[in-house]
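Close look at the chain arrangement
One-letter residues, chain by chain:
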Amino acid sequence: MMLLLQTDENATWLAPYAYTIVLLGFAFFLFRVFENWYANQYNRPLYRHYFVYKRLSETQLRILEEEFTFYNKLSSKHKRQFQHRMVTFLNEKKFVGRDQLIVTERMKVLVTAMGCMLSFGRKNYGYSLINYILLYPGEFYSTMNDAYHKGEFNPRERALVLSWSDFENGYKITDDNLNLGIHEFMHAMQLESLKSRDLDSSRFGKQFQKILQQLTQQEVKDKLDETRYFRAYAFTNQYEFMAVLTEYFIESPGDFKMHFPKLYQHTRQLLNFNFAGY
Ligand SMILES: [Zn+2]
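To start, this report covers the structure provided alongside it. For every chain, the first residue of the written sequence is number 1, and numbering continues from 1 onward in sequence order. The predicted nature of this model means local features are confined to residues of pLDDT at least 70 and side-chain atom pairs, given and counted, to a pLDDT of 80 or more, with totals for whole chains, interfaces and linings taken over all residues. Processing note: side-chain calculations cover all non-hydrogen atoms of the structure and skip hydrogens and water entirely.

Only protein atoms enter the 1 Å grid used here. Points where a 1.4 Å probe fits but cannot escape make up a cavity, open sets with protein on both sides within 12 Å along at least five of seven lines make up a pocket, and a residue lines them when an atom lies within 4 Å of a point. Grid points are joined across faces, edges and corners, and a volume is the space filled by probe spheres set on the points. As a volume, the largest pocket reaches approximately 710 Å³. Gly 151, His 183, Glu 184, Tyr 233 and Glu 240 are, among the 28 residues lining the largest pocket, the residues nearest its centre. Secondary structure is summarised from DSSP: a helix means a run of H or I of at least four residues, a strand means a run of E of at least two, and numbering begins at the N terminus for each. Breaking the lining of the largest pocket down by element, the ones donating at least two residues are strand E4 (147-149), strand E5 (151-154), helix H7 (164-172), helix H8 (180-195) and helix H11 (238-251). Taken as a whole, the second largest pocket encloses approximately 350 Å³ of empty space. In terms of lining residues, the second largest pocket is bounded by 16 residues, among which Thr 69, Phe 70, Thr 174, Ile 250 and Tyr 278 are the most central. Contributions of two or more residues to the lining of the second largest pocket are made by helix H4 (69-72), helix H6 (105-118), H7 and H11. Note that Gly is not counted as nonpolar here; it falls among the polar residues with everything else outside the nonpolar set of Ala, Val, Leu, Ile, Met, Phe, Trp, Tyr, Cys and Pro and the charged set of Asp, Glu, Lys and Arg. The class makeup of the residues in the lining of the second largest pocket is nine nonpolar, three polar and four charged.

Next up, the structure:
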């Protein structure tokens, strides 16, 4: 006990360091407050990156450049960010093939690119609710509701589950407003926005409320009925609506904007999607 007290008395030289640490902590806290205020005020994150240094392997990069149009439309600065994000995703998520499917590098690159595209406007691109990507060759039997599925996000198993053939059709056919990858990643992102408190989740919640408000407007309702623009499945519930809306946003932004400019604007702000002509 004596010994401890003595150490305390002799440790006064530490005080300036302790003050510095407290001050730094306070400055960091203030910065975080400012960052949140900014995101809320301007509907976008103050910054999306600090360090960008991870690079895809040559094989991975070649697949991306040959098959993923979005990447080729990005500026060189954004390309570096995109690669960094993809490498992070590939390191953090485990890909598992089901029903004898052998997971190839190409599958990993394309699924990862799809997830990173959807989250590219966000600061938080980690998809914290996903640990596993399960790939089936085609439709699979789901125990979630005892039916065959093309894809699902299973939060209990922390798994994004995809039929590879449907995923591939989703991104290869670029103008049919069907994109399985985008659909399922959006489910994961939306659930995360309900569970997390980071600034992207708050922005998500805010813009999503605006989207729902749009749906209560009579003129929008009439136009939805009249044009039948969005496929019927969108109106299953609010989560399916958001997932389908995002498929349309990614696949045919021009048409979407023309038919429903306000819904388009809120979706764009929700994703902070200001790249590649969107
Ligand atoms: Zn769905």
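Only nitrogen, oxygen and sulfur atoms within 2.8 Å of the metal, or 3.2 Å for Na, K and Ca, are treated as donors, and water is left out, so sites may look incomplete. The protein atoms donating to the zinc ion are His 183 (NE2), His 187 (NE2), Glu 240 (OE) and Glu 240 (OE), with metal-donor distances spanning 2.1 to 2.7 Å. Only four donors with every angle between 85 and 135 degrees are called tetrahedral; only four or six donors with opposite donors over 155 degrees apart and all others between 65 and 115 are called square planar or octahedral, in that order; all others are irregular. The coordination sphere of the zinc ion comprises four donor atoms, whose angles at the metal cover 53 to 143°; the geometry is irregular. Sequence positions of the residues that donate to the zinc ion give the spacing H-x3-H-x52-E. Placement of the pair is His 183 in helix H8 and Glu 240 in helix H11, with a sequence separation of 57 residues. Exposure class is identical for His 183 and Glu 240. Each is buried. The cut-offs for exposure are 20% and 50% of the maximum accessible area for each residue type, with area from a 1.4 Å probe on protein chains only; residues under the lower value are buried, those over the upper are exposed, and the others partly exposed.

Here the focus is the pattern of salt bridges. Any Lys or Arg side-chain nitrogen found within 4 Å of a carboxyl oxygen on Asp or Glu counts as a salt bridge. In total, this model carries eight salt bridges according to the counting rule given. Glu 35 is paired through a salt bridge with Arg 32; the nearest N and O atoms lie 3.2 Å apart. Of this pair, Glu 35 and Arg 32 both sit in helix H2 (residues 15-42), three residues apart, roughly one helical turn. With a relative accessible area of 1%, Glu 35 lands in the buried category. Looking at Arg 32, the relative accessible area reads 36%, which means it is partly exposed. Two residues, Glu 168 and Lys 172, come together in a salt bridge whose shortest N-O distance is 3.7 Å. Placement of both Glu 168 and Lys 172 in helix H7 is noted, with a separation of four residues, approximately one turn of the helix. Looking at Glu 168, the relative accessible area reads 17%, which means it is buried. Where salt bridges share partners, they join Glu 67, Arg 106, Glu 168 and Lys 172 into one cluster.

Now for the nonpolar core. Looking at soluble globular proteins, one finds that nonpolar side chains tend to be buried together. By nonpolar core is meant a set of buried Ala, Val, Leu, Ile, Met, Phe, Trp, Tyr and Cys residues that side-chain atoms within 4.5 Å join together. By size, the foremost hydrophobic cluster in this structure holds 68 residues, and its most contacted members are Leu 64, Phe 68, Phe 82, Phe 230 and Phe 256. The element that contributes the greatest number of residues to this core is H6, accounting for nine residues. Here Phe 230 is in contact with Leu 224, Phe 235, Leu 245, Tyr 248, Phe 256, Phe 260 and Leu 263, once residues within four sequence places are set aside. Core analysis: the second largest hydrophobic core is formed by five residues, Leu 134, Tyr 136, Ala 159 and Val 161 among them. Note on contacts: a residue pair qualifies if any of its non-hydrogen atoms lie within 4.5 Å across the two residues.

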